Amino acid sequence: MASGNHQDPRTGMPATGLHPDGLDPDSMDRPVFRATIRPHQSLTHEGFRIVMALCCAVSLVTSVACVKAGYWPVAGFFGLDMLALYVALRVSFRRGRSFEEVVISPIEVMLARVTHRGERREWRFNPLWTKLTKVEDEEYGMQSLTLVSRKEFVVVARDASPPERQVIADGLTRALAQVKRGY
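Residues numbered from 1 in each chain as written. Predicted model: local features only at pLDDT ≥ 70, side-chain atom pairs only at ≥ 80, totals over all residues. Heavy atoms only, no water.

Caption draft 1: Here's a closer look at the overall build of the protein chain. Per the secondary structure count, the protein chain includes 3 helices and 7 strands. Listed N to C, the secondary structure of the protein chain is β-α-α-β-β-β-β-β-β-α in terms of helices and strands. Sorting the 183 residues of the protein chain into buried and exposed places 30% on the buried side. Look at the contacts in the protein chain between residues 6 or more apart in sequence, and 49% of them connect residues 24 or more apart. Total accessible area on the protein chain stands at roughly 12500 Å², and carbon and sulfur atoms take up 57% of it. (Helix = DSSP H or I, 4+ residues; strand = E, 2+ residues; numbered from the N terminus. Buried < 20%, exposed > 50% of the residue type's maximum accessible area, 1.4 Å probe, protein only. Contact = heavy atoms within 4.5 Å. Areas by Shrake-Rupley, 256 points an atom, 1.4 Å probe, with all protein chains shown as cover.)

Caption draft 2: Seen up close, the sheet that holds strand β5 (residues 130-137). Reading across the sheet, the 3 strands line up as β5-β6-β7 and stay open at both edges, with antiparallel pairing between neighbours. Here the strands that pair on one side only, and so sit at the sheet edges, are β5 and β7 (152-156). Strand-to-strand, the axes of this sheet are offset by a mean angle of 25°, without reference to chain direction. Where strand β6 (residues 141-149) lies against β7, 5 bridges are found, and the strand directions are antiparallel. Across the sheet, residue L147 finds its bridge partner in β7, namely V154. (Pairing = 2+ DSSP bridges. Axes fitted to C-alpha atoms, helices over the stretch in contact; angles between N-to-C directions.)

Caption draft 3: Spotlight on the pattern of salt bridges. Within this structure, the stated rule accounts for 8 salt bridges. The salt bridge involving R34 is made with E101; its shortest N-O contact spans 3.4 Å. Of the two residues, R34 is situated in strand β1 (residues 33-37) and E101 in strand β2 (residues 99-105); the sequence distance between them amounts to 67 residues. Since its relative accessible area comes to 16%, E101 is described here as buried. Between R49 and E46 there is a salt bridge; the shortest N-O distance is 2.9 Å. You can see R49 and its partner E46 sitting in helix α1 (residues 45-68), 3 residues apart, about one turn around the helix. Each of the salt bridges in this network shares a partner with another, and the network as a whole consists of R34, E101, E108, R120, E122 and R124. (Salt bridge = Lys/Arg side-chain N within 4 Å of Asp/Glu carboxyl O.)

Caption draft 4: Layout of the side chain of R165. Secondary-structure assignment places R165 in helix α3 (residues 162-181). Buried within the structure, R165 lacks any salt-bridge partner; its nearest side chain of opposite charge belongs to D159, at an N-O separation of 6.9 Å. (Lys, Arg positive; Asp, Glu negative; His and termini not counted.)

Caption draft 5: Summary view of α3. Under the 1.5 Å per step criterion, the end-to-end length of α3 is 28 Å for 20 residues, consistent within 8% with the ideal 28 Å. Among the residues of α3, those classed as buried are R165, I168, A169, G171, L172, A175, L176 and V179. On the buried face of α3, the contacting elements are β1, β2, β3 (108-114), β5, β6 and β7. (Expected span 1.5 Å × (residues − 1).)

That is the geometry; function is a separate question.
Below, the structure is given as structure tokens:
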């Protein structure tokens, strides 16, 4: 056999590009775990229109009744209430565009947080030094998840509900264990 053509003893196939330990160098940066975490949004854009239309209709009917009864200032306050509701729901929709992305590969744990303005912040950790800490409450469930690596702490899934945090925690725990087992 020529000096450049080694065979994998397990498969008998040529072992081109394999590390002496049998690891595929191309697979070292492939993600073991990948998740995009978005805040929960209870209303769709169509739901927003329906809620606003119903609230405006109720406000208009009540305002007309109050004006006829001589309580004309009430109509103005109903208008301010509708404006405040509209602004609050628009802000909620805008904040719903933010997200977190978590990627775990054998060589890196990466957490990226993107705000509703598009500002991106990233943290990168060595998976061998990274652990996941959890704060749980019997009554309310998973309260927080934190990636800890050496002296750096980063909260994960800030905007997720406790049951969603539990699912994310399970996935992160399995992925970190899998990566650490590989070494």
